[in-house]
Amino acid sequence: VADFVFGCQTKETGLFVTQLADGIMGMSAHPATLPQVLYEQGRIEHNMFSLCVRRELHVSKQGVEAGRLTFGGIDMRSDTSPMVYARNV
């Protein structure tokens, strides 16, 4: 992606050290977000993203393989239940 700046975390303190979640993702309707930039550059067909999450029965600080983030549409390969749509406001 041309001219897109990613942030980089270099230190973890407090809750980010002890929680099981392994990342932070900010997605908004702001024009400087990754989906918007990808769309404006013609790299994705639709200005949208889909997020598939699932709950693992066992988790650890080493992580789990659960979920999928797709830009420009949806990926139904992991679907086990009906799609739930949310309005971006």
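What counts, and where the lines are drawn
- Residues take numbers from 1 onward in each chain, read along the sequence in its written order.
- This being a predicted model, a pLDDT of at least 70 is required before a residue's local features are given, and a value of 80 or more before pairs of side-chain atoms are given or counted; all residues contribute to the totals for chains, interfaces and linings.
- Derived side-chain values reflect all non-hydrogen atoms in the structure, with water molecules and hydrogen atoms excluded from consideration.
- Going along the chain from the N terminus, every DSSP run of H or I of four or more residues is numbered as a helix, and every run of E of two or more is numbered as a strand.
- When a residue's accessible area, from a 1.4 Å probe over protein chains only, is under 20% of the maximum for its type it is buried; when over 50% it is exposed; and in between it is partly exposed.
- Any pair of residues with heavy atoms lying within 4.5 Å of one another is described as a contacting pair.
- Per-residue accessibility takes into account occlusion by the displayed protein chains alone, with areas from the Shrake-Rupley method and a 1.4 Å probe.
- Patch definition: residues with relative accessible area over 30% and no salt bridge; like charges joined within 9 Å; nonpolar side chains (Val, Leu, Ile, Met, Phe, Trp, Tyr) joined within 5 Å.
- Whenever Lys or Arg places a side-chain nitrogen within 4 Å of a carboxyl oxygen from Asp or Glu, that contact is recorded as a salt bridge.
- Grouping buried Ala, Val, Leu, Ile, Met, Phe, Trp, Tyr and Cys residues that are joined through side-chain atoms within 4.5 Å yields what is termed a nonpolar core.
- N or O atoms closer than or at 3.5 Å make up a polar contact, with two conditions inside protein: a donor-capable atom paired with an acceptor-capable one, and, for residues adjacent in sequence, both atoms drawn from side chains.
- pLDDT is a per-residue confidence score from the predictor, ranging from 0 to 100.

### Quick look at the overall build of the protein chain
Right, so step 1: When its secondary structure is counted, the protein chain shows two helices and two strands.
Right, so step 2: Reading the protein chain from its N terminus to its C terminus gives the helix and strand order α-α-β-β.
Right, so step 3: Out of the 89 residues belonging to the protein chain, those deemed buried represent 15%.
Right, so step 4: For the protein chain, the proportion of contacts with a sequence separation of at least 24, taken over those separated by at least 6, is 47%.
Right, so step 5: When the accessible surface of the protein chain is split by element, carbon and sulfur atoms take 54% of a total near 7900 Å².

### Concerning a nonpolar patch on the surface
Right, so step 1: A cluster of nonpolar side chains, namely Met 48, Ile 74, Met 76, Met 83 and Tyr 85, defines an oily patch on the protein surface of about 520 Å² accessible area.
Right, so step 2: By the secondary structure assignment, Met 76 is in the segment after strand S2 (68-71).

### Considering the nonpolar core
Nonpolar side chains tend toward joint burial in soluble globular proteins.
Right, so step 1: Formed by Phe 4, Leu 34, Val 37, Leu 38 and Ile 44, the largest nonpolar core amounts to five residues.
Right, so step 2: With near-sequence residues (within four places) excluded, Phe 4 lies in contact with Ala 32, Thr 33, Leu 34 and Val 37.

### Concerning the side chain of Ser 50
Right, so step 1: Its location among the elements puts Ser 50 in strand S1 (residues 49-52).
Right, so step 2: A distance of 3.0 Å separates a polar atom in the side chain of Ser 50 from the backbone oxygen of Gly 73.
Right, so step 3: Leaving out residues up to four positions away in the same chain, Ser 50 has contacts with Arg 68, Leu 69, Thr 70, Gly 73, Ile 74 and Asp 75.

### Focus on the environment of Leu 69
Right, so step 1: Looking at the element boundaries, Leu 69 is found in strand S2.
Right, so step 2: Residue class for Leu 69 comes out partly exposed when judged on its relative accessible area of 35%.

### What to know about the side chain of Thr 33
Right, so step 1: Relative to the elements of secondary structure, Thr 33 occurs in the loop between helix H1 (15-18) and helix H2 (34-40).
Right, so step 2: Not counting residues up to four positions away in its chain, the partners in contact with Thr 33 are Phe 4 and Ser 28.

### Brief notes about the environment of Ala 32
Right, so step 1: Inspection of the secondary structure assignment puts Ala 32 in the loop between H1 and H2.
Right, so step 2: Between the C-alpha atoms of Ala 32 and Phe 4, which are 28 residues apart in sequence, the distance is 8.2 Å.
Right, so step 3: Sequence-distant contacts of Ala 32, that is, excluding residues within four places in its chain, are made with Phe 4 and Val 37.

### Points about the confidence of the model for the protein chain
Right, so step 1: Across the protein chain, the average pLDDT comes to 75, with 75% of residues at or above 70.
Right, so step 2: Ranking the helices and strands of the protein chain by mean pLDDT puts H2 first, with 87, and H1 last, with 64.

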